[in-house]
Amino acid sequence: MKRAEHEIRSNVGKLLKQKKIDVFIGYEKGTLPLRTSPCFVSSEKEARKLIWNSFCTNNLAVYLPHIMSRVKNKRSTRVGIICKGCDSRSLVELIKEKQLTRDQIYIIGISCSGMVDYKRILSQVNSDEVIGVDETADEITVRSKEGERVFSKEENLCEPCRTCKHAVPTVYDMLIRTAQQPRQATTSDSTVHDFLMKPREERWQILEQELGQCIRCYACRNACPNCYCKECFAEQTKPRWFGVTTDLTDIIFYHTIRIFHQAGRCVDCGACVRACPMNINLRLFTRMLVDEVKERFGYEPGVAPEELQPLATYSAKDKQDFMIEPE
Ligand code: SF4
Ligand code: SF4
Ligand code: SF4
């Protein structure tokens, strides 16, 4: 991790000094233990605060549409960004959706060995007592006033990382390889399968239980690189599509529409789940969409930059059964 961090700092410093980029989006130390914060650096000196570790979870592509819509000179502005596999796939989708062009971005790709779920670790220690964290290739050591506890990274991975098959960025200008092997899952995700195996009444109960906790803070939407609409349907007043309340009907309406807007675009990065203050298992629903799109159209978002998005094209071979008789 230290070698990768050094490479990131020195390369970003050079890019900024040589004016090949105007600003770089990366990670810096967070204000809380086991956390990192997204940061924007614009000088060689500032590049020294960049870090890389197993808690660099945010999908930084989320900032690009907003930055690009604000810069005055779009032709000459170039933004640097660090991308894990999932982040790079979001970026590819943003390019396909014409939110930015490839030449506006300098991508430092990093082969990713999986990110650690800090909430899972903090749930196993007294989080108020944590004073420091160390990391080796396979383990996280949490130091607290009570002593040290060692956690296996593998056992505490973020859910999407467990079954990630695209940990090496699909697009980059420079690739940094860490000392660890990039994650290459051999098993498929069973989240949706397990859910669908349950009786219909139980599925409805789970849906009510999960979404019933939603406080409509929209953090899930704001953390998602694909949710960049200037005016979100959820807040639109003319026309108002549904109520701005926390009644279950309104909540289900919001989530159903947001999740369907992700069809063929969601890269299963888990940013929406991590952002949720209520710990709602949104992945149960977003993952279903990922699986459906792959099964029906053979499309995996962000994997092949030249491939058209399934909802932006038509093929006579597209499965059409859902149009006739939904299950
Ligand atoms: S989903 Fe894949 S690329 Fe993204 S953080 Fe996890 S292992 Fe890395
Ligand atoms: S819906 Fe969630 S998992 Fe999918 S791309 Fe957006 S933030 Fe990532
Ligand atoms: S982040 Fe969680 S609580 Fe906030 S709107 Fe999304 S699901 Fe609801």
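Residues numbered from 1 in each chain as written. Chains lettered and ligands numbered in written order. Predicted model: local features only at pLDDT ≥ 70, side-chain atom pairs only at ≥ 80, totals over all residues.

### Remarks on the overall build of the protein chain
- Counting its regular elements, the protein chain contains twelve helices and eight strands.
- In summary, the protein chain has a C-alpha radius of gyration of 20 Å against a globular reference of 20 Å for 327 residues, a match within 12%.
- Along the first, second and third principal axes, the C-alpha atoms of the protein chain reach 60 × 55 × 40 Å.
- Every one of the 327 residues in the protein chain was classed for burial, and the buried ones make up 32%. (Helix = DSSP H or I, 4+ residues; strand = E, 2+ residues; numbered from the N terminus. Rg over C-alpha atoms; globule rule 2.2 N^0.38 Å. Buried ≥ 20, exposed ≤ 12 C-beta atoms within 10 Å, placed from the backbone.)

### Remarks on the domain arrangement of the protein chain
- Domain boundaries in the protein chain define domain 1 (2–117 + 157–315) and domain 2 (118–156).
- The gap between the C-alpha centroids of domain 1 and domain 2 is 25 Å.
- Considered class by class, the residues forming the side of domain 1 that touches domain 2 number six nonpolar, three polar and two charged. (Domains from an automatic or database assignment. Nonpolar A, V, L, I, M, F, W, Y, C, P; charged D, E, K, R; others polar.)

### So, the sheet that holds strand β2 (residues 36–41)
- The sheet built from five strands is open, its strands ordered β2-β1-β3-β4-β8 with mixed pairing. The open sheet has two free edges, formed respectively by β2 and β8 (174–177), since each of these has just one partner strand. Strand after strand, the sheet turns through a mean of 25 degrees between neighbouring axes, direction not considered.
- Against the sheet, helix α1 (residues 2–17) touches β1 (23–29), β2, β3 (79–83), β4 (105–111) and β8, its axis set at about 150 degrees to β1.
- Sheet strands touched by helix α3 (residues 85–96): β3 and β4. Its angle to β4, the strand with the most contacts, is close to 150 degrees. (Pairing = 2+ DSSP bridges. Axes fitted to C-alpha atoms, helices over the stretch in contact; angles between N-to-C directions. Contact = placed C-beta atoms within 7 Å.)

### With respect to α1
- If you check α1, its first and last C-alpha atoms are 22 Å apart, about what 16 residues at 1.5 Å a residue would give, namely 22 Å.
- Within the sequence span of α1, burial applies to I8, R9, N11, V12, L15 and L16.
- In this structure, the buried side of α1 is in contact with β1, β2, β3, β4 and β8.
- Positive phi appears at K19, one or two residues downstream of α1, with a value of about 60 degrees. (Expected span 1.5 Å × (residues − 1).)

### Section: the environment of S144
- Looking at the element boundaries, S144 is found in strand β6 (residues 139–144).
- Along the backbone, S144 and V125 are 19 residues apart, and their C-alpha atoms lie at a distance of 8.6 Å.
- Setting aside its immediate chain neighbours within four residues, S144 contacts V125, N126, E129, V130 and I131.

### Things to note about the site of ligand 3
- Of all residues adjacent to ligand 3, which total 13 residues, the nearest are C214, C217, A219, C220 and C276.
- A per-class count over the shell around ligand 3 returns twelve nonpolar, no polar and one charged. (Near = placed C-beta within 6 Å.)

### Brief notes about the sheet that holds β6
- What the three strands build is an open sheet, ordered β5-β6-β7; its pairing is antiparallel. For this open sheet the edge positions go to β5 (130–135) and β7 (147–152), each flanked by a neighbour on one side alone. Neighbour-to-neighbour, the strand axes of this sheet turn through a mean angle of 20 degrees, independent of strand direction.
- Pairing of β6 with β7, which is carried by six bridges, proceeds in the antiparallel orientation. Across the sheet, residue V142 finds its bridge partner in β7, namely R149.

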